[in-house]
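Summary of the model geometry
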2 protein chains.
Amino acid sequence: MMNEFEEFLQRQCRLLKHSEVSEAMEYSLMGKGKRLRPQLLFAVMEGYGLVAKDGFMAAGALEMMHTYSLIHDDLPAMDNDDYRRGRKTCHKQFNEATAILAGDGLLTQAFALAAESSADPMKALKIVKELASAGGAEGMILGQIKDLEAENSAAVTLEQLKEVHLYKTGCLFTAPLVMGAILAGQDAAISQWRRIGALMGLAFQIQDDILDVTKSSKELGKSASDLDNKKSTYVTILGLGQAQDAMTEVYRQTRDAIRQMDMNTQQLIAILDAMEFRQY
Amino acid sequence: MMNEFEEFLQRQCRLLKHSEVSEAMEYSLMGKGKRLRPQLLFAVMEGYGLVAKDGFMAAGALEMMHTYSLIHDDLPAMDNDDYRRGRKTCHKQFNEATAILAGDGLLTQAFALAAESSADPMKALKIVKELASAGGAEGMILGQIKDLEAENSAAVTLEQLKEVHLYKTGCLFTAPLVMGAILAGQDAAISQWRRIGALMGLAFQIQDDILDVTKSSKELGKSASDLDNKKSTYVTILGLGQAQDAMTEVYRQTRDAIRQMDMNTQQLIAILDAMEFRQY
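Residues numbered from 1 in each chain as written. Chains lettered and ligands numbered in written order. Predicted model: local features only at pLDDT ≥ 70, side-chain atom pairs only at ≥ 80, totals over all residues. Heavy atoms only, no water.

We count it as follows: UniProt positions are given in the numbering used here, feature names are shortened, and annotations may be inferred rather than shown by experiment.
Under an unreviewed UniProt entry, chain A has the name Farnesyl diphosphate synthase and belongs to Holdemania massiliensis. The UniProt entry for chain A carries the following comment under Catalytic activity (unreviewed entry): "isopentenyl diphosphate + (2E)-geranyl diphosphate = (2E,6E)-farnesyl diphosphate + diphosphate".

Dropping the structure here:
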């Protein structure tokens, strides 16, 4: 089924009039991603008895929104990254202007797909609104600016770090869960899904910080003293051991919260298990 | 009424959680703009007997989309402009990262407003779709990349130039006209409005090229030989006299097309008159 979704994404890119922008959009969108947000959406939908394929438009919207954020975050004025997922970043493969436009194009196209996400106009509209609030200046973008501010601040507290990630990562983990509930007509469950999404985003982010360090020492042969030069993370604030304990605890809370949902949670728990034991 | 709309835009910015991004969004959105796209929307709505105020959400969406495109176009990797409308560009007033995020934030927020543009979910959804197609990789963004390509090309033909502006300017002139028809339930007239929007965008753009030259000579004291250093425009390709004739002809065609619409066209014609005789 995830293969079909890849083909769907590819087709969405190829439907656009060809230009350097559409090429750059496709280059970044079709890079090997984990498609975690689409997977979460499909799991909620199937847990509620829907067919995953009916969520391809919403899932495509989420993946386009996620990809645009990566393209813009990688720009020289932001994180200035040359590589992502083992290939050149968009502005390195093309150029900066094209990368800015490709991000803008994916963000805009995300809403075109969201508007087609359901035959029921009320549901499609709710999905558009969820996408806008999750990705906007009170969601992911707020997290991004708070992250940049934290980088330039001397002492970052654990509370600040949590806030950054609640917005930067949490909102786009929450959106697929909420969208699944919208498509299933389970609006009463949305607030519970928001809590689960926030927990899941937090667990994922603590783990990212841990993997950054364990990867560094094992794979890159860096010493632990490199930590001193890095920006504040759960590991720099808590230390590796406590960060690992915190991660395990948040994953446990997430699992508990999912099990309380009135649906078949098997698939969602399986994704969470795979997340917890990922090595990259 | 336009004052009320300014207050509406201001309020939309202030509703957002305060951050450097929301500040930058407000800075750019509230700069003195002509609000031409909102004016066009209101004129179509009132021509069809609707109240302009019921179009504030759609108009706000258009103005946010327009403003984001200016912020990103002004970035160093694009046109690298320091000033816009007599004040510093967003990346000069704040910084590049904030300007990228402010553009992203306005683009995202445009869709949040579009989703609230009508109490009728079918109409709101149509407005979301029109905004996405006008602004996307088959609309304004396609025009932008074609413009960048034309800058790097030795000989630009008149046809190429027309194509650039059909997408870059025309799509966002067409959108308010189409949105007015959608809100008025006049979907049968949409294809005519698309033709009018394309003509209007073309007239506006030829005029921009003319004003660039006449302003240069009169106000900046530049000589006409500066033209040689500039990128291809209607004036460099046609010469000033023929460009002025072309502009007058396209404005005439636009007026004729508007007069054929089944509505009160007085207000729209008045806007067109003001456009044709603008000096900046």
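**Considerations on the environment of Gln244 of chain A**
All names here are of chain A. Going by this rule: Here a helix means four or more residues in a row that DSSP labels H or I, a strand means two or more in a row labelled E, and each is numbered from the N terminus. Buried residues are those whose accessible area, probed at 1.4 Å on protein chains only, stays under 20% of the maximum for their type, while exposed residues exceed 50% and partly exposed ones sit between those limits.
Looking at the element boundaries, Gln244 is found in helix 12 (residues 240–259). According to the relative accessible area criterion, Gln244 is partly exposed, its value standing at 34%. Counting along the chain gives 35 residues from Gln244 to Asp209, while the straight-line C-alpha distance between them is 9.9 Å.

**Concerning the packing of aromatic side chains**
Residues and elements named next belong to chain A. Rule in force here: In this scheme Phe, Tyr and Trp rings, the latter by its six-membered ring, pair at centre separations within 6.5 Å, and the angle between planes marks the pair as stacked below 30 degrees, edge-to-face above 60, and tilted otherwise.
Applying the stated criterion across every chain yields a total of 17 aromatic pairs over all chains. Arranged with centres 5.4 Å apart and planes meeting at 55°, the rings of Phe8 and Phe56 form a pair that is tilted. Here Phe56 lies in helix 4 (residues 56–74) and Phe8 lies in helix 1 (residues 2–14), a separation of 48 residues in the sequence. Of the residues examined, Phe8 reaches a relative accessible area of 6% and is grouped as buried.

**Some points on the relation of the copies chain B and chain A**
What counts here: To line up the copies, we fit them by least squares on C-alpha atoms, keeping just the residues with pLDDT of at least 70 in both. Residues are treated as being in contact if the distance between any of their heavy atoms lies within 4.5 Å.
For the pair chain B and chain A, the relating rotation is 180°, the translation along its axis is 0.0 Å, and the fit reaches an RMSD of 0.0 Å. Taken together, the rotation angle and the small translation identify this as a two-fold axis. When the interface residues of chain B are mapped onto chain A, 100% of them again lie at the interface, so the same face is used by both copies.

**Notes on the interface of chain B and chain A**
Rules: In this description, buried area is defined as the sum, over both parts, of the accessible area (probe of 1.4 Å) that is lost when the two are combined. What makes a salt bridge here is a side-chain nitrogen of Lys or Arg within 4 Å of a carboxyl oxygen of Asp or Glu, nothing more. Here a polar contact means two N or O atoms within 3.5 Å. Within protein one must be a hydrogen donor candidate and the other an acceptor candidate, and residues neighboring in sequence count only if both atoms are side-chain atoms. Basically, the charged four are Asp, Glu, Lys and Arg, the nonpolar ten are Ala, Val, Leu, Ile, Met, Phe, Trp, Tyr, Cys and Pro, and anything else, Gly included, counts as polar.
In this complex, chain B contributes 43 residues to the contact, which on the side of chain A involves 43 residues. Both faces considered, chain B and chain A share a buried interface measuring about 3,700 Å² in area, 76% of it formed by carbon and sulfur atoms. Three residues stand out in chain B for area buried against chain A, namely Lys17, Leu101 and Thr108 of chain B, and they jointly supply 15% of the buried area on that side. Applying the counting criterion to the chain B and chain A interface returns two salt bridges. Between Lys129 of chain B and Glu116 of chain A there is a salt bridge, with the nearest N and O atoms lying 3.7 Å from each other. At the boundary of chain B with chain A, the tally comes to four residue pairs in polar contact (both at pLDDT 80 or more). When residues of the side of chain B that touches chain A are traced back to their parent elements, those giving at least two are helix 2 (20–29), helix 4 (56–74), helix 6 (96–114), helix 7 (121–135) and helix 8 (140–151) of chain B. Looking at the side of chain B that touches chain A element by element, the count peaks at eleven residues for helix 6 of chain B. Residue classes in the side of chain B that touches chain A are distributed as 27 nonpolar, eight polar and eight charged.

**What to know about the nonpolar core**
Selection rule: Buried Ala, Val, Leu, Ile, Met, Phe, Trp, Tyr and Cys residues form a nonpolar core when they are joined through side-chain atoms within 4.5 Å.
Counting 201 residues, the largest nonpolar core has Trp193 of chain A together with Trp193 of chain B as the members making the most contacts within it. Leave out the neighbours within four places in its chain, and Trp193 of chain A touches Val44, Tyr48, Thr174, Leu177, Val178, Ala181, Met261, Met263 and Leu268 of chain A.

**Let's talk about helix 9 (residues 158–183) of chain A**
Residue and element names in this part refer to chain A. Short version of the rule: Each residue after the first adds 1.5 Å to the expected span of a helix. Bend is the name given here to the angle between axes fitted to two runs of seven residues, the run ending at a residue and the run starting at it.
Between its first and last C-alpha atoms helix 9 spans 36 Å; for 26 residues at 1.5 Å apiece the expected length is 38 Å, and the two agree. When the local axis directions of helix 9 are compared, the greatest deviation, roughly 45°, occurs at Gly170. The buried fraction of helix 9 amounts to 19 of the 26 residues, a majority that puts the element mostly inside the structure. Backbone geometry just after helix 9 places Gly185 at a positive phi near 70°.

**Observations regarding the pattern of salt bridges**
Residues and elements named next belong to chain A. Taken as a whole, this structure holds 30 salt bridges over all chains when the rule is applied. Note that Asp74 and Arg84 form a salt bridge whose closest N and O atoms lie 2.8 Å from each other. Taken as a pair, Asp74 in helix 4 and Arg84 in strand 1 (residues 83–84) lie far apart in primary sequence, ten residues in all. The class for Asp74 is buried, based on a relative accessible area of 3%. Among the charged side chains, a salt-bridge network with shared partners connects Glu6, Arg35 and Glu63.

**A closer look at the environment of Leu70 of chain B**
Residues and elements named next belong to chain B. With respect to the helices and strands, Leu70 occurs in helix 4. Considering only alpha carbons, one finds Leu70 and Leu29, 41 residues apart in sequence, at a separation of 10.0 Å. Excluding residues within four positions of it along the chain, Leu70 makes contact with Arg84 and Arg85.

**As for unusual backbone geometry**
Residue and element names in this part refer to chain B. For Arg35, which is not a glycine, the phi torsion comes out positive at approximately 55°. Tracing the backbone through its elements, the reader meets Arg35 in the loop between helix 2 and helix 3 (36–47). Classification of Arg35 as buried rests on a relative accessible area of 3%.

**Remarks on the state of the cysteines**
Applied cut-off: Our working definition of a disulfide is a cysteine sulfur pair at a distance within 2.5 Å.
For the structure shown, the criterion picks out zero disulfides over all chains. We note that Cys90 of chain A lacks a disulfide partner, and the nearest cysteine sulfur, in Cys13 of chain A, lies 12 Å from it. Summary of cysteine pairing: Cys171 of chain A is not part of a disulfide, and the nearest cysteine sulfur, belonging to Cys13 of chain B, is at 20 Å.

**Considerations on the packing of helix 7 of chain B against helix 9 (residues 158–183) of chain B**
Residue and element names in this part refer to chain B. Defined as follows: Lines are fitted to the C-alpha atoms to define the axes, a helix being fitted only along its stretch in contact, and any angle between axes, read from their N-to-C directions, falls within 0 to 180 degrees. To sort the angles, those under 35 degrees are grouped as roughly parallel, those over 145 as roughly antiparallel, those from 65 to 115 as roughly perpendicular, and the leftovers as oblique.
Taken N-terminus to C-terminus, the directions of helix 7 and helix 9 make an angle of 170°; their axes are 10 Å apart at the nearest point. Between helix 7 and helix 9, the interaxial angle falls into the category roughly antiparallel. Residues Lys123, Lys126, Ile127, Glu130, Leu131 and Ala134 of helix 7 form the contact with helix 9, whose participating residues are Cys171, Leu172, Ala175, Val178, Met179, Ile182 and Leu183. Taken together, the residues that form the contact of helix 7 with helix 9 break down as ten nonpolar, no polar and three charged.

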